[in-house]
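Per-entry structural report
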Amino acid sequence: MKIKEIKATELDAEEFIKEKVNEIFSIVGDGLAINALSGGVDSSTVTMLGHKALGDRLKTCFIDNGIMRQNEPQQVASLFGQLGVYVEIVDAREKFFNALKGITDPEEKREAITQTFYRNVFGQLVRKSGAKFLLHGTILTDVDETIAGIKRQHNVFEQLGIDPREAFGYTIIEPLVQLRKDGVRKVAEALGLPESVYNRMPFPGPALAARVIGEVTPEKIEIVRQATAITEAELAHTKAFQYMAILHQDRVTGIRDGKRDFGLQIEIRCWDSVDARTARPTRVSYDALDKLADRIVAEVPGVVSVTYNITLKPPSTMEAV
Ligand code: XMP
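The structure contained in this document is the topic of the report that follows. What you are looking at is a predicted structure, and each value in this text was computed from that prediction instead of being measured.

Moving on, we come to the overall build of the protein chain. Across its full length, the protein chain holds 11 helices and 10 strands. The C-alpha radius of gyration of the protein chain comes to 20 Å, within 12% of the 20 Å expected for a compact globule of 321 residues. Seen along its three principal axes, the alpha-carbon backbone of the protein chain occupies a region of about 70 × 40 × 40 Å. Looking at the protein chain as a whole, 54% of its 321 residues qualify as buried. Taking contacts inside the protein chain between residues at least 6 apart in sequence as the whole, the part at least 24 apart equals 75%. Counting every atom, the protein chain has about 15,100 Å² of accessible surface; 50% of that belongs to carbon and sulfur. When the 41 basic and 45 acidic side-chain charges of the protein chain are each reduced to a single mean position, those positions are 1 Å apart.

Right, let's get into the nonpolar core. Counting residues in each nonpolar core, the largest one holds 86 residues, and the members touching the most others are Ile-63, Phe-122 and Ile-266. Looking at this core, the element that brings in the most residues is helix α5 (residues 106-129), giving eight residues. Excluding anything up to four places from it in sequence, Ile-63 contacts Ala-36, Val-90, Ala-92, Phe-96, Phe-117, Val-121, Phe-122 and Leu-125. Grouped together as the second largest cluster of nonpolar side chains are seven residues, Phe-241, Ile-246, Ala-279 and Met-318 included.

Applying the stated criterion across every chain yields a total of two aromatic pairs. Between Phe-117 and Tyr-118 the ring centres are 4.9 Å apart and the planes differ by 70°, which places this aromatic pair in the edge-to-face class. Residue Phe-117 shares its accessibility class with Tyr-118, and that shared class is buried. Between Phe-117 and Phe-122, the ring centres sit 5.2 Å apart and the planes meet at 25°, which makes this aromatic pair stacked. Phe-117 sits in the buried class, given a relative accessible area of 15%. Taken together, the ring pairs connect Phe-117, Tyr-118 and Phe-122 into an aromatic cluster. Taking NZ or CZ as reference, Arg-69 lies 3.8 Å from the ring centre of Phe-203, over its face.

Before going further, it helps to spend a moment on the pairing of strand β8 (residues 259-272). Sheet analysis places strand β6 (residues 242-247) next to β8, joined by six bridges and oriented antiparallel. Looking across to β8, one finds that Gln-242 is bridged to Trp-271. Of the pairings in the sheet, the one linking strand β7 (residues 252-256) to β8 comprises five bridges and is antiparallel in character. When the sheet's bridge partners are listed, Val-252 is paired in β8 with Gly-263. The hairpin formed by β7 and β8 contains two residues between the paired strands, and Asp-257 there has a positive phi angle of roughly 50°. Summarising the sheet, β8 and strand β10 (residues 303-308) pair through five bridges and their orientation is parallel. Of the residues in β10, the one forming a bridge with Ile-266 is Val-306. The sheet contact formed by β8 and strand β9 (residues 280-281) spans two bridges and is antiparallel. Opposite Asp-272, over in β9, you have Arg-280 as the bridge partner.

Another aspect to go through is the packing of helix α2 (residues 41-54) against helix α8 (residues 181-190). Close contact between α2 and α8 brings their axes to 10 Å; oriented N to C, the two are set at 40°. With respect to each other, α2 and α8 are oriented oblique. Considering only the axes of α2 and α8, their crossing is left-handed. Listed contacts from α8 to Val-41, Asp-42 and Thr-45 of α2 are Lys-181, Val-184, Arg-185, Val-187 and Ala-188. Class assignment of the residues belonging to the contact of α2 with α8 gives a composition of four nonpolar, one polar and three charged.

The next point concerns the pattern of salt bridges. The tally for this structure, following the rule as stated, stands at 18 salt bridges. The residue Glu-23 makes a salt bridge to Lys-20 at a minimum N-O spacing of 3.3 Å. Of this pair, Glu-23 and Lys-20 both sit in helix α1 (residues 13-28), three residues apart, which is roughly one turn of that helix. Ionic contacts of the salt-bridge type, sharing partners, join the residues Arg-69, Glu-72, Arg-200 and Glu-232 into one network.

As for its placement among the helices and strands, Lys-313 is situated in the segment after β10. A distance of 2.7 Å separates a polar atom in the side chain of Lys-313 from the backbone oxygen of Ala-276. Aside from chain neighbours lying at most four places away, what touches Lys-313 is Glu-145, Trp-271, Ala-276, Arg-277, Thr-278, Ala-279 and Met-318.

A separate point is helix α10 (residues 218-235). Each α-helix turn comprises 3.6 residues. Residues three or four places apart therefore point the same way. Here α10 contains 18 residues, and its C-alpha end-to-end distance of 25 Å stays within 8% of the 26 Å for a straight helix at 1.5 Å per residue. Within the sequence span of α10, burial applies to Ile-221, Ile-223, Val-224, Arg-225, Ala-227, Thr-228, Ile-230, Thr-231, Glu-234 and Leu-235. The elements touched by buried residues of α10 are α4 (93-100), β6, β8, α11 (286-299) and β10.

Cut-offs used in this document
- Residues numbered from 1 in each chain as written.
- Predicted model: local features only at pLDDT ≥ 70, side-chain atom pairs only at ≥ 80, totals over all residues.
- Heavy atoms only, no water.
- Helix = DSSP H or I, 4+ residues; strand = E, 2+ residues; numbered from the N terminus.
- Rg over C-alpha atoms; globule rule 2.2 N^0.38 Å.
- Buried < 20%, exposed > 50% of the residue type's maximum accessible area, 1.4 Å probe, protein only.
- Contact = heavy atoms within 4.5 Å.
- Areas by Shrake-Rupley, 256 points an atom, 1.4 Å probe, with all protein chains shown as cover.
- Lys, Arg positive; Asp, Glu negative; His and termini not counted.
- Charge placed at Lys NZ, Arg CZ, Asp CG, Glu CD.
- Core = buried A, V, L, I, M, F, W, Y, C linked by side-chain atoms within 4.5 Å.
- Phe/Tyr/Trp six-rings, centres within 6.5 Å; stacked < 30°, edge-to-face > 60°.
- Lys NZ or Arg CZ within 6 Å of the ring centre and 35° of its normal.
- Pairing = 2+ DSSP bridges.
- Axes fitted to C-alpha atoms, helices over the stretch in contact; angles between N-to-C directions.
- Parallel < 35°, antiparallel > 145°, perpendicular 65-115°, else oblique.
- Left-handed = near helix turned anticlockwise from the far one by under 90°.
- Nonpolar A, V, L, I, M, F, W, Y, C, P; charged D, E, K, R; others polar.
- Salt bridge = Lys/Arg side-chain N within 4 Å of Asp/Glu carboxyl O.
- Polar contact = N/O pair within 3.5 Å; in protein donor to acceptor, adjacent residues only side chain to side chain.
- Expected span 1.5 Å × (residues − 1).

Okay, here's the thing in structure tokens:
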């Protein structure tokens, strides 16, 4: 089924909110719904729409999959707490790392995360909660890229011909599926979410696992997590669409304390983009890149090389995995 796009320029955010709140209310009726909040603009917007429609009949969980950024679970739960929305943090770190063990292929990694999320962790939560409806922040770009076969986004079962009711026992509601990122930001702002949310950088569903080339382990995630924290701090001034650190699988020779050190490589990507469909590397100043590289090699154990990506999307994608 062709989805009718609502362009950000045509979007009446207030009207959209009214419509979606009514729609969610009429689908769920007096039943229970559940959603997973990651803190990104899409899931945050869905959380607020859902709470407007359903109040406490929407249960919101933050799944701590072990592959999020520094302090992310606590920060997200506390921000929504301030907005009056209770968020339950579910510790599923071990389950995700077990599922990722030994997997190096990008699509298999995504699949392992998808399966762990929906079947194992979230599936169980839904069953326990008794909810029959799942609110999800799928946007049109996710659908397009899944259909085009560019990347298997984790949240578009229906577009892939999978019936979530049959496979997982619940109905998925995707209120944002006609929008792209710029439209979602307008809706988030109109919903009264703070700027730190509606202007928040996108972050992928597979989280830091999308930024570790090769097998994902807790140790590698910790390295990319530290590099990410530094990169986000040092590149914030660029106001770019998205910036990230990627941990490569290959090691390279470096020198540390006058000795040969066969160490780790971090790749930095910083993207200018409007809707994530196409993107070009930001012309970050050399001074900023110098400082970033200095901090990463000084602060992240084992890193001897930092590179900056200069390739357009396409043919690159924004994430590395
Ligand atoms: P790519 O790497 O496909 O990324 O050029 C385009 C935008 O989508 C984000 N992204 C994802 N978001 N689930 C998501 O929810 C995913 O599996 C996923 N993969 C990529 C990415 O961060 C960028 O903003």
